[in-house]
Amino acid sequence: MSIITNIEDLRVLAQKRVPRMFYDYADSGSWTESTYRANSSDFAKMKFRQRVAVDMANRTLKTTMIGQEVHMPVAIAPTGLTGMQHADGEILAAKAAEKFGIPFTLSTMSICSIEDIAAHTSKPFWFQLYVMKDRAFIERLIERAKVAGCSALVLTLDLQILGQRHKDLKNGLSAPPKLTVANIVNMMTKPRWCMGMLGTKRRGFGNIVGHASDVSDMSSLSSWTSQQFDPLLSWKDVEWIKKCWGGKLIIKGIMDAEDAQLAVASGADALIVSNHGGRQLDGALSSIAALPSIVDAVGDQIEVHMDGGIRSGQDVLKALALGAKGTYIGRSFLYGLGAMGEEGVTKCLEIIERELDLTMAFCGLTDVKKVDKKILIPGTY
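Predicted model only: the values in this text are computed from it and were never measured.

**Brief notes about a nonpolar patch on the surface**
Consideration 1: Judged by side-chain polarity, Leu 179, Ile 184 and Met 188 come together as a nonpolar surface patch covering roughly 340 Å² of accessible area.
Consideration 2: By the secondary structure assignment, Leu 179 is in the loop between helix H7 (166-171) and helix H8 (181-187).
Consideration 3: Look at Leu 179 and you get exposed, because its relative accessible area is 66%.

Structure, rendered in structure tokens:
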């Protein structure tokens, strides 16, 4: 593909270059995938007011997220198995984000470790935490994030139990992939991916193997993870984690106004309106549909961010118009990574930046911090 103009171009290229099980892992939701589809389709229903004969010069997308200056109000979302989309994927994505001037968030379930990211970047990144039953392991993870200089902890609350994702079950998802006949045949059609994987030692879950009790290799990992996500997770655990961490805390997975108020009460610095990319509760609202009521419920008591379905700079602008102070991209950057490595992540960010900048101008605004509902046509949101 000689000319890449949008995120869909990157998706098509990633599908050609990434083994089926890992492409499907990124590009799927739970059960019927209705919420996964709604995350994107609900953005499309919203319409802009186009303005003319206004000063469009000196535009700026610069703002802050939890007090941190950002080149545009977009962060790289935490995504598991990123290093299976492309060899050393988390490192490449973190480097692209740092150069672009936006936050990168490393997942607990990453292939590259916290220490790997710290060794290949020069500025603080964010770390996303899942709460496991092994609280000693959680304490060690938090300490490792502190040592690595992470500037924020993103605590995900919507994965106490796993939603069923049909494609992952049918593909026999694992990292590294099991060498079945079907997988070998499929990987033979992805030579770029295979060559990259042969050139790296990072093929397992770097934050877990060798760090969690009784997990010394990949063979013992699957049974550990299946038992470790904690269904007893409560807001008391959030209080404990906040105390252990002691720094900026972002709560991810809020879809209800009542839970948003509890996030405020927890003392968190920000919350992320997110349905886990439509990968948990199928039939839930899209993130963009849930955003307005949550913004109304919390006002300026806590910084509200939004994640889910963003495939363009126009989607970013719509989220900002409905009250988000920052947004996150997951699949969009994964498509870029799978398609072209670090260069692809940079291309993804450049596409979103240009779309955000031009759309803001067409709506008659020059400062992203001044975006509000006035840029949208009433009745379309």
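**Concerning the layout of surface pockets**
Consideration 1: Its volume calculated, the largest pocket comes out at about 1,300 Å³.
Consideration 2: Looking at the lining of the largest pocket, the elements that each hand over two or more residues are helix H2 (20-26), H7, helix H10 (221-228), strand S10 (326-329) and helix H15 (331-340).
Consideration 3: No other element matches the four residues that H10 contributes to the lining of the largest pocket.
Consideration 4: When its residues are assigned to classes, the lining of the largest pocket shows 22 nonpolar, 17 polar and eight charged.

**Quick notes on the packing of aromatic side chains**
Consideration 1: Across all of its chains, the model carries three aromatic pairs by this definition.
Consideration 2: Between Phe 22 and Trp 193 the ring centres are 5.9 Å apart and the planes differ by 25°, which places this aromatic pair in the stacked class. In this pair, Phe 22 sits in helix H2 while Trp 193 sits in helix H9 (residues 191-198), placing the two residues 171 residues apart along the sequence. For the residue pair Phe 22 and Trp 193, the accessibility class agrees, reading buried in each case.
Consideration 3: Here the basic side chain of Arg 279 rests over the ring of Tyr 25, its NZ or CZ set 4.5 Å away from the ring centre.

**Here we look at the pairing of strand S9 (residues 303-307)**
Consideration 1: Where burial is concerned, most of S9 is hidden: four out of the five residues are buried.
Consideration 2: Where strand S8 (residues 270-273) lies against S9, four bridges are found, and the strand directions are parallel. Considered in S9, the bridge of Ile 272 is made with His 305.
Consideration 3: Between the parallel pair S8 and S9, the chain is carried across by helix H13 (residues 287-298), and the sense of this crossover is right-handed.
Consideration 4: Bridge count for S9 against S10 is three bridges, and the pairing is parallel. Bridging from a neighbouring strand, His 305 pairs with Gly 326 of S10.
Consideration 5: Chirality of the crossover, the property in question, places the unit of S9, helix H14 (residues 313-321) and S10 among those that are right-handed.

**Here's the deal with the nonpolar core**
Consideration 1: Of all hydrophobic cores here, the largest spans 113 residues; its most connected members are Leu 271 and Leu 291.
Consideration 2: Each residue touching Leu 271, except ones within four places of it in the same chain, is listed here: Ile 251, Ile 254, Ala 260, Ala 263, Ile 294, Val 298, Ile 302, Glu 303, Val 304 and His 305.

**Overview of the side chain of Ser 113**
Consideration 1: Looking at the element boundaries, Ser 113 is found in the loop between strand S4 (105-106) and helix H5 (114-120).
Consideration 2: Take Ser 113: its relative accessible area is 7%, and that puts it in the buried class.
Consideration 3: Among all residues touching Ser 113, those that are not within four sequence positions of it are Leu 106, Arg 144, Gly 206 and Asn 207.

**Section: unusual backbone geometry**
Consideration 1: The linkage connecting Ala 175 with the following residue, Pro 176, adopts the cis geometry, with an omega of -5°.
Consideration 2: Checked against the element boundaries, Pro 176 lands in the loop between H7 and H8.
Consideration 3: Phi angles above zero are rare outside glycine, and Asp 88 is one such case at about 55°.
Consideration 4: Its place among the elements puts Asp 88 in the loop between strand S3 (74-76) and helix H4 (89-100).

**Let's talk about the packing of helix H6 (residues 135-147) against helix H11 (residues 235-245)**
Consideration 1: Their axes nearest at 10 Å, the elements H6 and H11 cross at an angle of 40°. Along this stretch, H6 crosses H11, giving a crossing that reads as right-handed. Seen from H6, the contacting residues are Arg 135, Ile 138, Glu 139, Ile 142, Ala 145 and Lys 146; seen from H11, they are Asp 237, Trp 240, Ile 241, Cys 244 and Trp 245.
Consideration 2: Class assignment for the residues of the contact of H6 with H11 results in seven nonpolar, no polar and four charged.

**Observations concerning empty space enclosed by the protein**
Consideration 1: Applying the stated rule across the entire model yields two cavities of 30 Å³ or more.
Consideration 2: When its volume is computed, the largest cavity comes out at roughly 40 Å³.
Consideration 3: Lining the largest cavity, in full, are Tyr 130, Val 131, Thr 156, Leu 159, Gln 160, Phe 229, Asp 230 and Leu 233.
Consideration 4: Classifying every residue of the lining of the largest cavity by side-chain character gives five nonpolar, two polar and one charged.
Consideration 5: Computed from the structure, the second largest cavity encloses a volume of approximately 30 Å³.
Consideration 6: What lines the second largest cavity is Pro 19, Arg 20, Met 21, Pro 177, Asn 183, Asn 186 and Met 187.
Consideration 7: Mapped by element, the contributors of at least two residues to the lining of the second largest cavity are H2 and H8.
Consideration 8: Residues of the lining of the second largest cavity, tallied by class, amount to four nonpolar, two polar and one charged.

Conventions used here
Residues numbered from 1 in each chain as written. Predicted model: local features only at pLDDT ≥ 70, side-chain atom pairs only at ≥ 80, totals over all residues. Heavy atoms only, no water. Patch = residues over 30% accessible without salt bridge, like charges linked within 9 Å, V, L, I, M, F, W, Y side chains within 5 Å. Areas by Shrake-Rupley, 256 points an atom, 1.4 Å probe, with all protein chains shown as cover. Salt bridge = Lys/Arg side-chain N within 4 Å of Asp/Glu carboxyl O. Helix = DSSP H or I, 4+ residues; strand = E, 2+ residues; numbered from the N terminus. Buried < 20%, exposed > 50% of the residue type's maximum accessible area, 1.4 Å probe, protein only. 1 Å grid on protein atoms, 1.4 Å probe; cavity = no way out; pocket = protein on both sides within 12 Å on 5 of 7 lines; lining within 4 Å. Points joined across faces, edges and corners; volume = space filled by probe spheres on them. Nonpolar A, V, L, I, M, F, W, Y, C, P; charged D, E, K, R; others polar. Phe/Tyr/Trp six-rings, centres within 6.5 Å; stacked < 30°, edge-to-face > 60°. Lys NZ or Arg CZ within 6 Å of the ring centre and 35° of its normal. Pairing = 2+ DSSP bridges. Right-handed = clockwise from strand over helix to strand, strands pointing away. Core = buried A, V, L, I, M, F, W, Y, C linked by side-chain atoms within 4.5 Å. Contact = heavy atoms within 4.5 Å. Axes fitted to C-alpha atoms, helices over the stretch in contact; angles between N-to-C directions. Left-handed = near helix turned anticlockwise from the far one by under 90°.

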